[in-house]
Amino acid sequence: MQEYLDFAARNPLLTAAWFGLAGTLIYTTVRARFSPVKAVNNHAATMLINRENAVVVDIRTLDEFGRGHLAGAHHLIMSEIQANNLGQLEKHKDDPIIVVCETGMSAGAAAGALYKHGFKRVHTLAGGMSQWRAENLPVTKKR
């Protein structure tokens, strides 16, 4: 134990950085654990789509959406979700919703907004479309 204290005394910046990273890791883990929006992998997303008629909401740009998306996906941009311009999606408030972006990083904000608008079962696709394509899962270009 004394070795750790000596190290911390000799390297205060490194020790502060370590505690900062550890705190961030704990914060993100706890936040994800208690969040109403859950990330699902490709297998779980496929199961939700096939067994529970989950609705896929693609938030990428129209150009990215046109290059390939999950079959039956609804295209909504983030500004439409924030403005509550949800159109056909309104009738699916009790169905599972899977929000898809390109890498899985920006879907969380859109999923959180959908949850605030009254959608009960909101998920994000972990890894986004890039992970979906990396696993050679089917995409379509039909609108």
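Numbers given to residues run from 1 along each chain, matching the order in which its sequence is written. Restriction of local features to residues with pLDDT of at least 70 applies here, the model being predicted, together with a cutoff of 80 or more for giving and counting side-chain atom pairs; totals for whole chains, interfaces and linings are based on all residues. For the side-chain quantities, the full set of heavy atoms in the structure was used; hydrogens and water were omitted.

1. Remarks on the pattern of salt bridges
Let me state the cut-off plainly: The salt bridge definition used is simple: a Lys or Arg side-chain nitrogen within 4 Å of an Asp or Glu carboxyl oxygen. Burial here depends on accessible area, computed with a 1.4 Å probe over protein chains only, as a share of the maximum for the residue type. Under 20% is buried, over 50% is exposed, and the range in between is partly exposed.
Applying the stated criterion across every chain, the model contains 6 salt bridges. Between Arg60 and Asp58 there is a salt bridge, with the nearest N and O atoms lying 2.9 Å from each other. Given the relative accessible area of 4%, Arg60 is considered buried. Here Asp63 ties to Arg67 by a salt bridge, and the two come within 3.0 Å at their closest N and O atoms. Accessibility classification places Asp63 together with Arg67 in one group, the exposed group. By sharing partners, the salt bridges in this structure join Asp58, Arg60, Glu102 and Arg133 into a single network.

2. Thoughts on the domain arrangement of the chain
Rules: Just so you know, the domain bounds were taken from an automatic or database domain assignment.
Domain boundaries in the chain define domain 1 (1-33) and domain 2 (37-135). On a C-alpha basis, the centres of domain 1 and domain 2 stand 35 Å from each other.

3. A look at the environment of Leu48
Stated precisely, the cut-off is as follows: By definition, any uninterrupted DSSP run of H or I lasting at least four residues is a helix, any uninterrupted run of E lasting at least two residues is a strand, and each is numbered from the N terminus. Residues count as neighbours in contact if any of their non-hydrogen atoms are within 4.5 Å of one another.
Counting through the fold element by element, Leu48 comes out in helix H3 (residues 42-52). Assessed through its relative accessible area of 9%, Leu48 is described here as buried. The sequence separation of Leu48 and Asp95 amounts to 47 residues, and the corresponding C-alpha distance is 9.8 Å. Setting aside residues up to four positions removed in sequence, Leu48 forms contacts with Val40, Asn53, Ala54, Pro96, Ile98, Arg121 and His123.

4. Examining the UniProt feature "transmembrane region" (unreviewed entry) in the chain
Test applied: UniProt positions are given in the numbering used here, feature names are shortened, and annotations may be inferred rather than shown by experiment.
If you check UniProt for "transmembrane region" (unreviewed entry), the listed places come out as residues 12-30 in our numbering. For the annotated span residues 12-30, helix accounts for 100% and strand for 0% of the residues, and the straight-line distance between the end C-alpha atoms is 27 Å.

5. Some details on the packing of aromatic side chains
Selection rule: A pair of aromatic rings is counted whenever rings of Phe, Tyr or Trp (Trp by its six-membered ring) have centres within 6.5 Å, and the orientation is called stacked for planes under 30 degrees apart, edge-to-face for over 60 and tilted otherwise.
Tallied over the full model, the rule gives 1 aromatic pair. Seen in terms of ring centroids, Trp18 and Phe19 are 5.1 Å apart; in terms of plane orientation they differ by 80°. Their pairing is edge-to-face. The same class applies to Trp18 as to Phe19, namely exposed.

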